[in-house]
Amino acid sequence: MPVRRLPLADCLGLVLAEDLVAPISLPPFDNSAMDGYAVRAADVAGASAAEPVELPVADDIPAGRVDLVPLRPGTAQRIMTGAALPAGADAIVQVEHTDGDTELVTVFAPAADGLHVRRAASDVAAGARVLAAGQRLGPAQLGLAAALGCRELPVRRRPRVLVLSTGSELVEPGEPLRPGQIYESNGVMLAAAVREVGGEAELLRFVPDDVAAFHATIAGHLADADVVITSGGVSAGAYEVVKDAFTGRGVEFVKIAMQPGAPQGSGRYEGVPVVTLPGNPVSAHVSFEVFVRPALRAAMGHRVTDRPTAVARITAAITSPAGRRQYRRGAYDPSSGRVVTPVGGPGSHLLSSLAIADCLIELPEDVTAVGVGDEVTVILLEG
Ligand SMILES: Nc1nc2c(c(=O)[nH]1)N[C@H]1C(S)=C(S)[C@@H](COP(=O)(O)OP(=O)(O)OC[C@H]3O[C@@H](n4cnc5c(N)ncnc54)[C@H](O)[C@@H]3O)O[C@H]1N2
Ligand code: MOO
């Protein structure tokens, strides 16, 4: 993705495109870490509860005060946390170790040189590289950028993804359903998956199995799109609208040795990358996880493109078709010795199982069965 300078508020989850070099130091000035009194350590060296030291309070320094007066020997200045240290002061007596007076303060404890003083540049020195290009921007990184006075950061911008569902059986949720019809669900699911990765999804109104309607629907949106994702209409039926619309126009249709998610297509249509996912809801979701999510993350500049995985012991025996890599839905429990429980069966219409699963159990092509207690690889879908 191209690099853009975006306001910090729009950068969450994006990847920094250039090193961030600190324009100022943090803290920018010596300041107090405690509410109390700025003093010279030498003036309170002998202070104790039995033999307190009294110092006139020469000034008051709330945080933010900029017109500081140097500290005269033998005096104190009342100071608040985050306020700049006056010249001549080298220690802070916290207010709990005094009587808190604002005219003549009684100090009951010594304060060694440097006590409760936060030195300028003790966090960041001006000119230092604080974040490297490739860093993902989360709350802490955005906070640091703001602390350094940055309003914007150079980031790889969000990919714009067109999402289009196909099928004459589809009905908008909320409308009445007639026999033979189902509610359209892949669109909202895939658009949400795109947004979860950090992309911008434009969910187009789904189209029936009609090639002309398909072309008409995407025509006006292609110019702005970085990638098009369709679902449905790619297998072996008589009305495969996506296949019919894209065949011979830069998109290749294949069968992949995986389950779910066998029928797939990809390529470029009018120069725009296209991925055509199968229509079964679980197939569409798993295919997005396996093929689209890593590609979007790579485009956004993420160094790690795959989900985290774990090895877990399975709590029930399951089978897998020979020669196909199977992705079963599972519930992973890391607390009691890393176990995974299959959720629902292998059917690619079993959306409710997918909705309560938190991982995919990946069974390689050469595995046809696993038994209770066997180790399997799980792909963690959350976090
Ligand atoms: N003769 C064959 N038939 C099928 C094969 C095959 O190899 N030979 N493959 C099967 C597999 S595997 C899959 S997966 C599906 C993929 O089919 P399509 O991508 O063409 O998808 P559709 O036929 O349009 O729909 C499949 C299924 O999913 C439902 N669906 C579709 N879109 C949505 C949506 N947006 N929201 C909710 N549900 C949707 C649709 O009603 C169908 O039930 O093909 C198998 N057949
Ligand atoms: O391989 Mo299809 O994608 O199960 O249901």
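The numbering scheme is per chain: residues are counted from 1 as the chain's sequence reads. Naming scheme: in the order in which they are written, chains are lettered from A and ligands are numbered from 1. It should be noted that, the model being predicted, local features are given only for residues of pLDDT at least 70 and side-chain atom pairs only at 80 or more, the latter also being counted only at that level, while totals for whole chains, interfaces and linings use all residues.

**Some points on the nonpolar core**
Formally: Note on terminology: a nonpolar core is any set of buried Ala, Val, Leu, Ile, Met, Phe, Trp, Tyr and Cys residues joined through C-beta atoms within 7 Å. Burial is judged by counting other C-beta atoms within 10 Å of a residue's own C-beta: 20 or more means buried, 12 or fewer means exposed, and anything between counts as partly exposed, with every C-beta placed from the backbone. We count a stretch as a helix when DSSP gives it H or I for four or more residues in a row; a strand needs E for two or more, and each element gets its number in order from the N terminus. The split of the chain into domains comes from an automatic or database domain assignment. Two residues qualify as being in contact provided that their C-beta atoms, derived from the backbone, are within 7 Å of each other.
Residues Leu 162, Val 163, Leu 190, Val 194, Val 228 and Ile 229 are the most contacted members of the largest nonpolar core, which totals 43 residues. Every element with two or more residues in this core is listed here: strand S11 (152-156), strand S12 (160-165), helix H2 (186-197), helix H3 (211-219), strand S16 (227-231), helix H4 (241-246), strand S20 (272-277) and helix H5 (281-299). The element best represented in this core is H2, accounting for six residues. Both domain 1 (3-27 + 122-156) and domain 3 (160-299) contribute no fewer than three residues apiece to this core. For Val 194, the contacting residues outside a window of four places in its chain are Val 161, Val 163, Gly 199 and Ala 201. Judged by nonpolar contacts, the second largest core, of 23 residues, contains Val 39, Ala 84, Ala 91 and Val 107.

**Concerning the site of ligand 2**
Let me state the cut-off plainly: Nearness between a residue and a molecule or strand is assessed with a C-beta atom placed from the backbone; a distance within 6 Å qualifies. Each residue gets one label: Ala, Val, Leu, Ile, Met, Phe, Trp, Tyr, Cys and Pro are nonpolar, Asp, Glu, Lys and Arg are charged, and the others, such as Gly, are polar.
Around ligand 2, the neighbouring residues are Gln 259, Pro 260, Gly 261, Ala 262, Pro 278, Asn 280, Ser 283 and Ser 348. Considered class by class, the residues forming the shell around ligand 2 number three nonpolar, five polar and no charged.

**What about the sheet that holds strand S6 (residues 76-79)?**
To be explicit about the condition: Paired strands, in this sense, are two strands between which DSSP finds at least two bridges. Fitting a line to C-alpha atoms yields each axis, with helices limited to the stretch in contact; the angle taken between N-to-C directions then spans 0 to 180 degrees.
Strand order in the open sheet made by the five strands is S7-S4-S6-S5-S8, with mixed pairing throughout. Of all the strands in the sheet, just strand S7 (91-94) and strand S8 (104-107) have a single pairing partner and so form its edges. Shown here is a sheet whose adjacent strand axes are inclined to one another by a mean of 45°, direction ignored.

**Description of the sheet that holds S12**
Read from one edge of the open sheet, six strands run S15-S12-S16-S20-S19-S17, paired in mixed fashion. What marks the edges here is a single partner per strand, and that holds for strand S15 (200-203) and strand S17 (251-255). Taking each pair of neighbouring strands and ignoring which way they run, the sheet shows an average axis angle of 20°. Judged from the four bridges that link them, S16 and S20 form a sheet pairing that is parallel. The residue bridging Ile 229 from the neighbouring strand is Val 275, located in S20. Taken strand by strand, H5 contacts S16, strand S19 (263-269) and S20, and its axis lies near 140° from that of S20.

**Observations concerning the pairing of strand S4 (residues 36-39)**
The pairing of S4 with S6 spans three bridges and is classified as antiparallel. In the sheet register, Tyr 37 faces S6, and the bridge partner there is Arg 78.

**Considering the UniProt feature "domain: MoaB/Mog" (unreviewed entry) in the protein chain**
Going by this rule: UniProt positions are given in the numbering used here, feature names are shortened, and annotations may be inferred rather than shown by experiment.
The residues that UniProt annotates with the feature "domain: MoaB/Mog" (unreviewed entry) are residues 162-298. End C-alpha to end C-alpha, residues 162-298 measures 18 Å, and it is 33% helix and 27% strand.

**Let's talk about the site of ligand 1**
Residues in close proximity to ligand 1 total 26 residues, the closest being Ser 165, Asn 186, Gly 232, Ser 235 and Gly 279. Of all the secondary-structure elements, those providing two or more residues to the shell around ligand 1 are H2 and H5.

**Comments concerning the pairing of S11**
Covered by surrounding structure in S11 are Leu 153 and Val 155 only, the residues Glu 152, Pro 154 and Arg 156 on the alternate face being uncovered. Sheet analysis places strand S1 (residues 3-7) next to S11, joined by five bridges and oriented antiparallel. Note on S11: the bridge partner recorded for Pro 7 is Glu 152.

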